[in-house]
Amino acid sequence: MKKFYIYYFNDINRYVTIVDEDSYIISIEFDKINYNFNYEESEAICALKKELDKYFAGELKEFKTKYKLKNLTEFQMKVLKEVEKVKYGEHISYNDIAKAIGNPKSDRAVGNAVGKNPLPIIVPCHRIIRKDKKLGGYTGGTDIKIKLVEIEDILISN
């Protein structure tokens, strides 16, 4: 059973749709509102909302809410497992991830896989930058990525 909840985060000036399946968060989407869903708040969604509020306030460095990465290719899963390892306030490049997964020339493919992250913020793809130390893109828009790296005091040139 899937549960959906829409929430407006003032901190990033965005609507966020959170999807819970069997008490695991499986998706976070920016600005995608589907009025055909029956939106209700589960325990997992409530816990994540509290954690997101603390994160945006600079009070949370590691999410504890249970989540599952789903509907990804083997390559995408491998990339996102590397992204999960990047700690609060740190950053690495797409190239660093490519090297870590044993495909040192797959920067673009890594970037595409990072772009398929169904759990932005929790799986911290905002901490992944370009090899030239510039910000790079972000699923929710670069304005959100800028806000997230500012929260974590990650210094990026742009």
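For the structure itself, look to the data block above.
Residues numbered from 1 in each chain as written. Predicted model: local features only at pLDDT ≥ 70, side-chain atom pairs only at ≥ 80, totals over all residues. Heavy atoms only, no water.

K.L.:
With reference to specific residues and values, describe the overall build of the protein.
P.N.:
Along its length, the protein carries five helices and five strands. Ordering the α and β elements of the protein from the N terminus gives β-β-β-α-α-β-α-α-β-α. For 158 residues, the compact-globule estimate of 2.2 N^0.38 gives 15 Å, and the C-alpha radius of gyration of the protein, at 15 Å, lies within 12% of that figure. Judged by the C-alpha coordinates and their principal axes, the protein covers about 45 × 30 × 25 Å. Looking at the 158 residues of the protein, the share that counts as buried comes to 45%. The long-range fraction of contacts in the protein, counting pairs at least 24 apart against all pairs at least 6 apart in sequence, stands at 56%. In the structure as shown, the protein presents an accessible area of about 8,700 Å², 46% of it carried by carbon and sulfur atoms. (Helix = DSSP H or I, 4+ residues; strand = E, 2+ residues; numbered from the N terminus. Rg over C-alpha atoms; globule rule 2.2 N^0.38 Å. Buried < 20%, exposed > 50% of the residue type's maximum accessible area, 1.4 Å probe, protein only. Contact = heavy atoms within 4.5 Å. Areas by Shrake-Rupley, 256 points an atom, 1.4 Å probe, with all protein chains shown as cover.)

K.L.:
Kindly report on the packing of aromatic side chains, identifying the contributing residues and their values.
P.N.:
Using the criterion set out here, one finds four aromatic pairs in the structure. With a centroid separation of 6.1 Å and an interplanar angle of 50°, the aromatic rings of Phe30 and Tyr138 are classed as tilted. With a gap of 108 residues between them, Phe30 in strand β3 (residues 24-30) and Tyr138 in the loop between β5 (128-129) and α5 (142-151) connect regions that are remote in the sequence. When sorted by exposure, Phe30 lands in the same class as Tyr138, which is buried. Summarising the aromatic geometry, the rings of Tyr55 and Phe56 are spaced 5.6 Å apart at their centres and angled 70° between planes, so their arrangement reads as edge-to-face. By the burial criterion, Tyr55 is buried, and Phe56 matches it. Between Lys68 and the ring centre of Tyr24, over which it is positioned, the NZ or CZ distance is 4.3 Å. (Phe/Tyr/Trp six-rings, centres within 6.5 Å; stacked < 30°, edge-to-face > 60°. Lys NZ or Arg CZ within 6 Å of the ring centre and 35° of its normal.)

K.L.:
Run through the pattern of salt bridges, naming residues and quoting values.
P.N.:
One pass over the full model with this rule turns up six salt bridges. The partner of Lys70 in a salt bridge is Glu21, and the shortest N-O contact between them spans 2.3 Å. Note that Lys70 is positioned in the loop between α1 (43-56) and α2 (74-84) and Glu21 in strand β2 (residues 14-21), a separation of 49 residues in sequence. The class for Lys70 is partly exposed, based on a relative accessible area of 27%. Arg130 is paired through a salt bridge with Asp132; the nearest N and O atoms lie 2.5 Å apart. (Salt bridge = Lys/Arg side-chain N within 4 Å of Asp/Glu carboxyl O.)

Interpretation note: all reported values are geometric properties and have no functional meaning in isolation.
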